[in-house]
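Now for the letters of each chain:
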Amino acid sequence: CEGLSPQQLSNIAWAFATVSMRDEPLLYALSAAAGPRLSQYNTQNLSNTAWSFAVQLYRYDPLLNAMAAAASVQLGQVITQEIANLAWSYAKLSCCNMPLRDALAS
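Along each chain, residue indices are assigned from 1 in the same order as the chain's sequence is written. Only residues with pLDDT of at least 70 are given local features in this predicted model, and only at 80 or more are side-chain atom pairs given and counted; all residues enter the totals for whole chains, interfaces and linings. Neither water nor hydrogens contribute to the side-chain values; these are computed over all heavy atoms in the structure.

1. Some thoughts on the overall build of the protein
Here's step 1: Runs of H or I in DSSP of at least four residues are treated as helices and runs of E of at least two as strands, each being numbered from the N terminus. The helix and strand inventory of the protein stands at six helices and zero strands.
Here's step 2: In sequence order, the secondary structure elements of the protein are arranged as α-α-α-α-α-α.
Here's step 3: When we talk radius of gyration, it's over C-alpha atoms, and the globule rule is simply 2.2 Å times the number of residues to the 0.38. Against the globule reference of 13 Å for 106 residues, the protein gives a C-alpha radius of gyration of 12 Å, in line with a compact fold.
Here's step 4: Overall, the protein is about 35 × 25 × 25 Å in size when its C-alpha atoms are taken along their principal axes.
Here's step 5: Each residue is assigned to one of three classes by its accessible area relative to the maximum for its type, calculated with a 1.4 Å probe on protein chains only: buried under 20%, partly exposed between the two thresholds, exposed over 50%. For the protein, the proportion of its 106 residues judged to be buried stands at 42%.
Here's step 6: The contact criterion used is simple: two residues touch if any of their non-hydrogen atoms lie within 4.5 Å. For the protein, the share of sequence-separated contacts (at least 6 apart) that also reach a separation of at least 24 residues comes to 80%.
Here's step 7: One finds the centroid of the 5 positive side-chain charges in the protein at a distance of 6 Å from the centroid of its 6 negative side-chain charges. Residues counted as positive are Lys and Arg, residues counted as negative are Asp and Glu, and His and the chain ends are not counted. Charge positions come from single atoms, namely NZ of Lys, CZ of Arg, CG of Asp or CD of Glu.

2. Details of the packing of aromatic side chains
Here's step 1: Working definition: rings of Phe, Tyr and Trp (its six-membered ring) pair if their centres are within 6.5 Å, and the pair is stacked with planes under 30 degrees apart, edge-to-face with planes over 60 apart, and tilted otherwise. Scanning the model with the defined rule gives two aromatic pairs in all.
Here's step 2: Taken together, a centroid distance of 5.9 Å and an interplanar angle of 80° make the contact between Tyr 28 and Tyr 60 edge-to-face. Of this pair, Tyr 28 sits in helix α2 (residues 24-34) while Tyr 60 sits in the loop between α3 (43-55) and α4 (61-73), placing them 32 residues apart in sequence.
Here's step 3: Taking the relative accessible area as the measure of exposure, Tyr 60 reaches 29% and is therefore partly exposed.
Here's step 4: Taking the centre distance of 5.3 Å and the plane angle of 80° together, the rings of Phe 53 and Tyr 58 count as edge-to-face. Considered together, Phe 53 and Tyr 58 belong to a single accessibility category, that of buried residues.

3. Brief notes about the side chain of Gln 74
Here's step 1: Its place among the elements puts Gln 74 in the loop between α4 and α5 (80-92).
Here's step 2: Residue classification places Gln 74 among the buried residues on the basis of a relative accessible area of 12%.
Here's step 3: Excluding residues within four positions of it along the chain, Gln 74 makes contact with Tyr 41, Asn 42, Thr 43 and Leu 46.

Structure representation (structure tokens):
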């Protein structure tokens, strides 16, 4: 996963989620590859990745917290669908990230 772009990483996560194929080693590899590059993720990449993990019930708190921080910085660029996906994803995973929740609510 190291050489893949943020778009490619989020597309892989999305593809596996849409066909209900949960592959824990792959999800972990995607998380490991995404973490250091979250500053390169746009709001769609963040939203799709969060949604994909939530659909697969894959909760990796270090990545979720880092994604929440990255999304909070970009909220001025986010569209309504991405806000809904982020909010749903964190709720589905029972991940209460207060800074993200407050940013989404404002």
